[in-house]
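Chain and residue survey
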Amino acid sequence: VRTAIPDSRVIATFADHAGDNPRMDPTGHGSMVGAIAYAAAPGASFIIVKPGTNPRGAMESLSTLTALDYLAGKALELKTPIISNHSWGVFGTKNLVLPCNVSVTRVVRMLDEDNLVMTVWAIGNNRQMVGDGRLSGWCMATTKWSTAAGAVGRDMRPQPYSSLAGQCYPFQPHVVGPTFGVLPWGEGYRDFGDQGGGTSSVAPQVAGAIALMMVQRPGW
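Predicted model, so just to flag it, every value in this text is computed and none were measured.

**Here we look at the packing of aromatic side chains**
All chains considered together, the criterion is met by two aromatic pairs. Ring plane angle 20 degrees and centroid distance 4.6 Å describe the contact between F14 and Y70, whose orientation is recorded as stacked. In this pair, F14 sits in strand β1 (residues 10-15) while Y70 sits in helix α2 (residues 61-78), placing the two residues 56 residues apart along the sequence.

**Topic: the nonpolar core**
If you look at the biggest cluster of nonpolar residues, it comprises 13 residues, and the most contacted ones within it are V108, L111, L116 and V117. For this core, the secondary structure elements donating two or more residues are α2, α3 (102-113) and β4 (117-122). Membership of the second largest hydrophobic core comes to nine residues, among which are A151, V206, A207 and I210.

**Side note on helix α1 (residues 29-40)**
Counting along an α-helix, one turn takes 3.6 residues, and residues three or four places apart therefore face a common direction. An ideal rise of 1.5 Å per residue puts 16 Å on 12 residues; α1 measures up with 17 Å between its terminal C-alpha atoms. Along α1, the residues classified as buried are H29, S31, M32, V33, G34, I36 and A37. Those residues of α1 that are buried lie in contact with β2 (46-50), β3 (82-86) and α5 (203-216).

**What about the sheet that holds β3?**
Taken in spatial order, the four strands make up an open sheet running β3-β4-β5-β6, and their pairing is parallel. Of all the strands in the sheet, the pair left with one neighbour each is β3 and β6 (175-178). Strand after strand, the sheet turns through a mean of 25 degrees between neighbouring axes, direction not considered.

**Description of the packing of α1 against α5**
Two elements in contact, α1 and α5, have axes whose closest approach is 8 Å; the angle formed by their N-to-C orientations is 30 degrees. When the axes of α1 and α5 are compared, the pair comes out roughly parallel. In the crossing of α1 with α5, the sense of the turn from one axis to the other is right-handed. Taken together, the residues of α5 that come into contact with α1 (itself represented by V33, I36, A37 and A40) are P204, Q205, G208 and L212. Here the contact of α1 with α5 is composed, by residue class, of six nonpolar, two polar and no charged.

**Notes on the pattern of salt bridges**
For the structure shown, the criterion picks out three salt bridges. Residue D7 is joined to R2 by a salt bridge in which the shortest nitrogen-to-oxygen separation is 3.3 Å. Classification of D7 by relative accessible area gives exposed; the value is 51%. Its relative accessible area of 46% is what places R2 among the partly exposed residues. The residue R23 makes a salt bridge to D7 at a minimum N-O spacing of 2.4 Å. In this pair, R23 is assigned in the loop between β1 and α1 and D7 in the segment before β1, connecting sequence segments 16 residues apart. Overall, R23 belongs to the buried group, its relative accessible area being 8%. Each of R2, D7 and R23 takes part in a single network of salt bridges with overlapping partners.

**Topic: the pairing of β2**
Side chains F46, I48 and K50 of β2 all project onto a buried face; the interleaved residues I47 and V49 project onto a face where none is buried. As paired elements, β1 and β2 share five bridges and run parallel to each other. Within β2, the residue paired with A15 across the bridge is K50. Chirality of the crossover, the property in question, places the unit of β1, α1 and β2 among those that are left-handed.

**Some words on the confidence of the model for the chain**
Looking at the chain as a whole, its pLDDT mean stands at 75, while 69% of the residues score no less than 70. Per-element mean pLDDT across the chain ranges from 54 in helix α4 (residues 126-130) up to 94 in β1. Across residues 130-137, confidence stays below pLDDT 50; counting only partners more than four residues off in sequence or on other chains, it has 20 contacts. In the model, residues 182-195 has pLDDT below 50 throughout and makes 32 contacts with residues more than four positions away in sequence or in other chains.

**Re the environment of I82**
Within the secondary structure layout, I82 lies in strand β3. Looking at I82, the relative accessible area reads 11%, which means it is buried. The spacing of I82 and M118 is 36 residues in sequence and 6.2 Å in space, taken between C-alpha atoms. In this structure, I82 is in contact with I47, L71, K74, A75, L116, V117 and M118, ignoring residues within four places of it in sequence.

How each quantity is defined
- Residues numbered from 1 in each chain as written.
- Predicted model: local features only at pLDDT ≥ 70, side-chain atom pairs only at ≥ 80, totals over all residues.
- Heavy atoms only, no water.
- Phe/Tyr/Trp six-rings, centres within 6.5 Å; stacked < 30°, edge-to-face > 60°.
- Helix = DSSP H or I, 4+ residues; strand = E, 2+ residues; numbered from the N terminus.
- Core = buried A, V, L, I, M, F, W, Y, C linked by side-chain atoms within 4.5 Å.
- Buried < 20%, exposed > 50% of the residue type's maximum accessible area, 1.4 Å probe, protein only.
- Expected span 1.5 Å × (residues − 1).
- Contact = heavy atoms within 4.5 Å.
- Pairing = 2+ DSSP bridges.
- Axes fitted to C-alpha atoms, helices over the stretch in contact; angles between N-to-C directions.
- Parallel < 35°, antiparallel > 145°, perpendicular 65-115°, else oblique.
- Left-handed = near helix turned anticlockwise from the far one by under 90°.
- Nonpolar A, V, L, I, M, F, W, Y, C, P; charged D, E, K, R; others polar.
- Salt bridge = Lys/Arg side-chain N within 4 Å of Asp/Glu carboxyl O.
- Right-handed = clockwise from strand over helix to strand, strands pointing away.
- pLDDT = per-residue confidence, 0-100.

See below:
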């Protein structure tokens, strides 16, 4: 499936694994995330980043760090902070749930503090995997500027799969957004029923909104 962001809005692409096409994904997950981010901030410029995964489909720490390093370099080149949306899917994030991935967390904190890359995390639908909403937020989502996006329904009550907090650093304001509707991708996500894609579909809405705020209120 091809990411539905117009070529005129894509200023750079990056793939960690040789031969990977950053604009293509096998499940439709990445393309959905890109389409939501573009709909949320249609005037923004986009960098499409495709970290590599291991044979089981899980995101690897080294690949994540390589991608973040690439984005930091782009931020310095463009002389503007970059908003990095992270919607990896429930199976792509298992190695980052608990215990916290110390190397990735430290790099994210450094990028935050240097005002290079602000990360928006779909907090992995972690409550479904770990079972305790109080302990299953991402460490990386509780740094100084980065934020975590949780999922709520039409009634603004938390979705049962979505955790809304973090545990490694002092809690930071988190953002929630509504998810509902028909699931737009593969058989592996049937557990979410008709909830509309989990926190992956919330995070790009938040990233797009932050992009708009950065343009309208650069001093914030």
